[in-house]
Amino acid sequence: MAIRNLRLEGDEILKKKSREVENIDEKLQILIDDMIETMHKYNGVGLAAVQVGVLKRVIVIDLYDDKGPIVFINPVIIKTKGEQEVEEGCLSFPNQFAKVIRPEEVIAEYTNREGKRMRVKAKELLAQAICHEVDHLNGEVFMDKIIPGTLEYVEPEKE
Ligand code: NI
């Protein structure tokens, strides 16, 4: 496994639409492992493949709970319900946080890394994370939809 370079604010690739995954092959499994490692390295709760420069519809999410990292290949949001106003950040926009409106619940379908089509009903933080990462696959970033006046810069902690 390897840490991959993060694509950051201003990188044009973040505005591009990612392509459907057709084959879950060894190369894809390596990408997934690297994405999980990269997300953990930067303490993120989610990462889309485009953020490491790969335009494939793959996301990983880890809420650091007992579900462990979840891998979503070709995710589709089927249904949304309600709204929540939430604080959000993104590994491609380091040290910047802002409020956004997200659905409170989503139902999503995706293929797992074993190739099985799955369905998940997600609430709160997981719903937020799925929406944020699926946006990345469509070339959208949270900064485009923040509630005006809520952007904050947080100084990184010194190591
Ligand atoms: Ni992000």
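Placed above this text is the structure.
Residues numbered from 1 in each chain as written. Predicted model: local features only at pLDDT ≥ 70, side-chain atom pairs only at ≥ 80, totals over all residues. Heavy atoms only, no water.

Looking now at the environment of glutamate 22. Assignment of secondary structure puts glutamate 22 in the segment before helix H1 (26-41). With relative accessibility at 73%, the residue glutamate 22 sits in the exposed group. On a C-alpha basis, the gap between glutamate 22 and valine 52 in space is 19 Å, while along the polypeptide they are 30 residues apart. (Helix = DSSP H or I, 4+ residues; strand = E, 2+ residues; numbered from the N terminus. Buried < 20%, exposed > 50% of the residue type's maximum accessible area, 1.4 Å probe, protein only.)

Attention now moves to the coordination of the nickel ion. At this site the nickel ion is bound by Cys90 (SG), His132 (NE2) and His136 (NE2), with donor distances of 2.0 to 2.2 Å. Mapped onto the polypeptide sequence, the residues donating to the nickel ion form the spacing pattern C-x41-H-x3-H. With cysteine 90 in the loop between strand S4 (84-88) and strand S5 (96-102) and histidine 132 in helix H2 (residues 124-137), this pair connects stretches of sequence that are 42 residues apart. (Donors = N, O, S within 2.8 Å, 3.2 Å for Na, K, Ca; no water.)

Moving on: the pattern of salt bridges. Applying the stated rule across the entire model yields eleven salt bridges. Glutamate 12 is the salt-bridge partner of lysine 15, the closest N and O atoms lying 3.7 Å from each other. Residue aspartate 33 pairs with arginine 113 through a salt bridge whose shortest N-O separation is 3.0 Å. Highlighted residues: aspartate 33 in helix H1 and arginine 113 in the loop between strand S6 (105-111) and strand S7 (117-123), separated in sequence by 80 residues. Assessed through its relative accessible area of 25%, aspartate 33 is described here as partly exposed. (Salt bridge = Lys/Arg side-chain N within 4 Å of Asp/Glu carboxyl O.)

Here we come to the layout of surface pockets. Summary: where empty space remains is shown by rolling a probe the size of a single water molecule over the atoms. The volume enclosed by the largest pocket comes to roughly 840 Å³. Lining the largest pocket are 30 residues, with Tyr42, Asn43, Leu91, Asn95 and Phe97 positioned closest to its centre. Elements supplying a minimum of two residues to the lining of the largest pocket: S4, S5 and H2. Take the lining of the largest pocket: its biggest share by element is six residues, from H2. Split into classes, the residues belonging to the lining of the largest pocket amount to 13 nonpolar, ten polar and seven charged. (1 Å grid on protein atoms, 1.4 Å probe; cavity = no way out; pocket = protein on both sides within 12 Å on 5 of 7 lines; lining within 4 Å. Points joined across faces, edges and corners; volume = space filled by probe spheres on them. Nonpolar A, V, L, I, M, F, W, Y, C, P; charged D, E, K, R; others polar.)

Another aspect to go through is the packing of aromatic side chains. What the rule picks out here adds up to two aromatic pairs. Judged by centre distance (4.4 Å) and plane angle (50 degrees), the ring pair of phenylalanine 72 and tyrosine 110 falls under tilted. With phenylalanine 72 in strand S3 (residues 70-81) and tyrosine 110 in strand S6, this pair connects stretches of sequence that are 38 residues apart. An identical accessibility class is assigned to phenylalanine 72 and tyrosine 110; each is buried. (Phe/Tyr/Trp six-rings, centres within 6.5 Å; stacked < 30°, edge-to-face > 60°.)

Taken together, the five strands give an open sheet; going across it, the order is S1-S2-S3-S6-S7, and neighbouring strands pair in antiparallel fashion. Across the chains shown, the open sheet's two edge strands, defined by having one partner strand only, are strand S1 (46-48) and S7. This sheet shows a mean twist of 40 degrees between the axes of neighbouring strands, independent of strand direction. Both strand S2 (residues 58-61) and S3 contribute to a ladder of four bridges, which runs antiparallel. By the bridge assignment, valine 60 is partnered in S3 with valine 71. Sitting on the sheet, H1 touches S1, S2 and S3, and the angle it makes with S2 is about 40 degrees. Set on the sheet, H2 makes contact with S1, S2, S3, S6 and S7; between it and S7 the angle comes to about 125 degrees. (Pairing = 2+ DSSP bridges. Axes fitted to C-alpha atoms, helices over the stretch in contact; angles between N-to-C directions. Contact = heavy atoms within 4.5 Å.)

Here we come to the sheet that holds S5. A sheet is described by the order of its strands in space; here three strands give the open sequence S4-S5-S8, paired in antiparallel fashion. Across the chains shown, the open sheet's two edge strands, defined by having one partner strand only, are S4 and strand S8 (152-153). As defined by bridge partners, S4 adjoins S5 across five bridges and the pair is classed as antiparallel. Paired with valine 86 across the strands is valine 100, a residue of S5. Relative to S4, H2 is tilted by about 65 degrees, and along the sheet it contacts S4 and S5.

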